[in-house]
Each structure stands twice: as structure tokens, then as C-alpha cells.
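Take a look at the letters that make up each chain.
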Amino acid sequence: ETGVTQSPTHLIKTRGQQVTLRCSSQSGHNTVSWYQQALGQGPQFIFQYYREEENGRGNFPPRFSGLQFPNYSSELNVNALELDDSALYLCASSFPAGGGETQYFGPGTRLLVL
Amino acid sequence: KNEVEQSPQNLTAQEGEFITINCSYSVGISALHWLQQHPGGGIVSLFMLSSGKKKHGRLIATINIQEKHSSLHITASHPRDSAVYICAVEGASGSRLTFGEGTQLTVNP
């Protein structure tokens, strides 16, 4: 158990819809990163939040957006879903944001876009 | 060329064998992580290294910063070690991780 939870565990959407995925970090972990993992591949960095501000972004379009809340929870929002968005979405929390810290991963949300 | 390369992609071993998984990277890093992913997706952090060697039970991780190379060793492998092992590097400016493609390890009884 990493102390990081994600919801929902599985989700099916259709093209064009919007989705919100949620992550609850360990208390005190003020850094959360979101990753997308397509089948058979390593995770790809989407973005990171530190103290409720975006702190770095990977090569993902603006329809991927996020929020981080004071209670150590965070959201990943994806608008105008495309078939290629089907993947496992992972969040990872750590403290602090200076680097060189253990990452605690949630179990992931598996999204299928039809 | 990916920034993080792992080998082999797939590895099958018999119970009790000594296993080595390799990771090479091409960027400057502040730390390297070895992670384990089981079917279903959950990822567990095994090691975080910035130099030298770390050992935890039957697992040993080493890193050579000059050669930009790390290895994960499993001694006396067991079927419960079957999983995907992922190498990920952390850049100099924060905790964002860049991942390798992973090594699928299967240990047969």
C-alpha cells in the first residue's frame, strides 16, 4: 500500500466526451505528477503540480488539464476524448518538489474510449 | 532514440536463477528509480539511486553515473518476482520521471 488512491478504477467513455480522474495523495505530499501509460509502453509524463500550481508539463495538448487542492487531492481532466486517449492513467505523489524523492504511485485508472 | 533504454524487453528465467536487467540513459539526472509493475497496473517503487549501490532483500541496484548505466539484479529468483520492471530517471530540475519501456520478467517454477 502506497497511501495513494485513485478513482475510478475503470472507466468507459465515447469519443468527444469529457472525463475527470481523481487522485488522493498521502498527507503532506505537496507534489503530484500524472502519467499516461498506453498498453505495452512505459508511462509518459503529462504534468506535475506543486502547491496547487502547475510545475512542468509534458508533450500533451491543452485538452489535458489538472487541478491540485489543499487537501492533497488532485484531478486530471481530459476534454474532447480521442480513441488514442485509451490508457492507464497514474498519479504519483512525493514531498517535496526538489527532486530525489521516492515517488508513491496510485493503482491507476484504466480509461477506454470507444 | 529514447532517453531511457532498457534491456532485455522480455526475460524468462527458472526459479532460483540470478537475473540482471539493464538501463541506459542519455540525459543528466538527479536520481534513477527502479519500479515494479504488476498486472492490473499498480507501480511500486523499489529503489531510488543517485550513486553507488543499494540492496533490499534479494534485490540489488547499482548505478554508474559516468557511464549513464544502471542495473537491477535479483538473486534466487522466485515466481512471485514475475512482473514488469521499469527504470525511470529524474531530471536535474524536479521530480518529473522519464520512463523506460519496461522489462517483462517471468520466473517459472
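Below, the structure is looked at part by part. (Residues numbered from 1 in each chain as written. Chains lettered and ligands numbered in written order. Predicted model: local features only at pLDDT ≥ 70, side-chain atom pairs only at ≥ 80, totals over all residues. Heavy atoms only, no water.)

### Some details on the state of the cysteines
Enumeration over the complete set of coordinates arrives at two disulfides over all chains. The residue that forms a disulfide with C23 of chain A is C91 of chain A, at a sulfur-sulfur distance of 2.0 Å. Here the disulfide of C23 of chain A and C91 of chain A is right-handed, its torsion about the S-S bond being about 75°. Of this pair, C23 of chain A sits in strand β3 (residues 19-24) while C91 of chain A is found in strand β9 (residues 87-94), placing the two residues 68 residues apart along the sequence. Owing to a relative accessible area of 2%, C23 of chain A belongs among the buried residues under this scheme. Each sulfur of the disulfide joining C23 of chain B and C87 of chain B lies 1.9 Å from the other. (Disulfide = S-S within 2.5 Å. Helix = DSSP H or I, 4+ residues; strand = E, 2+ residues; numbered from the N terminus. Buried < 20%, exposed > 50% of the residue type's maximum accessible area, 1.4 Å probe, protein only.)

### Topic: the interface of chain B and chain A
The interface of chain B with chain A comprises 20 residues on the first partner and 25 residues on the second. When the two sides are added together, the surface that chain B and chain A hide from each other amounts to roughly 1600 Å², 53% of it contributed by carbon and sulfur. Where chain B touches chain A, the interface holds zero salt bridges. If you look at where chain B meets chain A, you find two residue pairs in polar contact (both at pLDDT 80 or more). Elements with a contribution of two residues or more to the side of chain B that touches chain A: β4 (31-37), β5 (43-49), β9 (83-90) and β10 (97-99) of chain B. Examining the composition of the side of chain B that touches chain A, we find that four residues originate from one element, β4 of chain B, more than from any other. Partitioning the side of chain B that touches chain A into residue classes produces seven nonpolar, 10 polar and three charged. (Contact = heavy atoms within 4.5 Å. Buried area = accessible area lost by both parts, 1.4 Å probe. Salt bridge = Lys/Arg side-chain N within 4 Å of Asp/Glu carboxyl O. Polar contact = N/O pair within 3.5 Å; in protein donor to acceptor, adjacent residues only side chain to side chain. Nonpolar A, V, L, I, M, F, W, Y, C, P; charged D, E, K, R; others polar.)

Distances and angles like these do not, on their own, reveal function.
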